[in-house]
Amino acid sequence: MIRIIKSEDKQRVLEIAAKIWEGDDYIPEVFDEWVKDQNGIFSGLWEDDKLVGFGRLCYLTPTDIWLEGLRKDPDINIKGVGEKFARYYFQKLKGKKINSIRFSTYFDNIASKKLNEKLGFKKILTLSLKTLEIKKKTRSEIPENLTTNFEFDELQNYLKNSNYLKLSKNFIGKGWVVYPYSVELLTKFVNENKVIVCIDNKTIRGAAFYSDVSYENIFWISLIDAEDERVYEDLLNCLINHAIELKKQYIEILVPEDRRLLSFLKSKDFKSWEQNNDFYLYELPERLIRKITFQ
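Structure report, in brief.

Focus on the pairing of strand β9 (residues 177–180)
Logical step 1: Summarising the sheet, strand β8 (residues 171–174) and β9 pair through four bridges and their orientation is antiparallel. The partner of Lys174 across the bridge, within β9, is Val177.

Right, dumping it as structure tokens:
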């Protein structure tokens, strides 16, 4: 039986999460938020009155669906959990106008890839998750031409030629959740004061976005783009300052196949967990979405 997760299920959810990612799962940090969130469906699978797995569907926009947090108790021998959740969520989408259904996964999550490819999901983007440990970093002096004051239209025009957006197929990550780039998303970053730009001679030469994420010790860079290495460095130093102020231990970013950016981040001690090209974005083809929604 699949039903909505409630507050009283927290202990069992945390028991399962403690067995995932060597006890470093982010689920404990988001449980309360997911239970309260009216913009998502946080549900669990019960077998013989015992919670054996859970997952979440949420709306990134009114028409863009994100699937996340699929977990199964690894100590219980039960198959088909992922497929049961997928069918359950697809049922919830009947009759709705949906443009996309997506999820992300780590490169070696073989079970997730096999299951979702069987359901028809296609891998549409590969990125590299890069991490910088900042506990030994100190604050840097930031040049005056780095600012949070700029004209929205000028930033929008700068981003039209963004190499980061082009190579990431116009997707931006907030943690492991990937959003389609849009004017509405850009507006939200700006309104939250999470955009830093470099301006020389009244022209934007680089920009960086950062995000609040559910991982307690991580500062997340959602985008960084610059015309040269000096601007990259100034922007990164500014972001490191923010991370230090927030008492974060790590900075993370998803990086497209941009040799210049990858080389720069490597020179600044950003590392992969295991390898480059470790983050996969999957999407359900439009024809299959239409079969689900009957729209």
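What to know about the sheet that holds strand β11 (residues 203–211)
Logical step 1: Spatially, β1-β2-β3-β4-β5-β14-β6-β13-β12-β11-β10-β7 is the arrangement adopted by the twelve strands of the open sheet, whose pairing is mixed. Only two strands of the sheet have a single neighbouring strand rather than two, namely β1 (2–4) and β7 (146–147).
Logical step 2: As paired elements, strand β6 (residues 122–133) and strand β14 (residues 279–283) share five bridges and run antiparallel to each other. When the sheet's bridge partners are listed, Thr126 is paired in β14 with Tyr280.
Logical step 3: Set on the sheet, helix α7 (residues 183–191) makes contact with β10 (195–200), β11 and β12 (218–226); between it and β11 the angle comes to about 85°.
Logical step 4: Relative to β12, helix α8 (residues 229–245) is tilted by about 160°, and along the sheet it contacts β6, β7, β10, β11, β12 and β13 (250–255).

Section: empty space enclosed by the protein
Logical step 1: Under the criterion given, the structure shown has one cavity of 30 Å³ or more.
Logical step 2: Each pocket or cavity is described by its volume, and for the largest cavity that value is around 30 Å³.
Logical step 3: Residue lining of the largest cavity: Leu127, Tyr164, Ser168, Phe171, Ile172, Gly173, Val178 and Leu254, and that is the complete set.
Logical step 4: Across the lining of the largest cavity, the residue classes break down as six nonpolar, two polar and no charged.

Conventions we followed
- Residues numbered from 1 in each chain as written.
- Predicted model: local features only at pLDDT ≥ 70, side-chain atom pairs only at ≥ 80, totals over all residues.
- Heavy atoms only, no water.
- Pairing = 2+ DSSP bridges.
- Helix = DSSP H or I, 4+ residues; strand = E, 2+ residues; numbered from the N terminus.
- Contact = heavy atoms within 4.5 Å.
- Axes fitted to C-alpha atoms, helices over the stretch in contact; angles between N-to-C directions.
- 1 Å grid on protein atoms, 1.4 Å probe; cavity = no way out; pocket = protein on both sides within 12 Å on 5 of 7 lines; lining within 4 Å.
- Points joined across faces, edges and corners; volume = space filled by probe spheres on them.
- Nonpolar A, V, L, I, M, F, W, Y, C, P; charged D, E, K, R; others polar.

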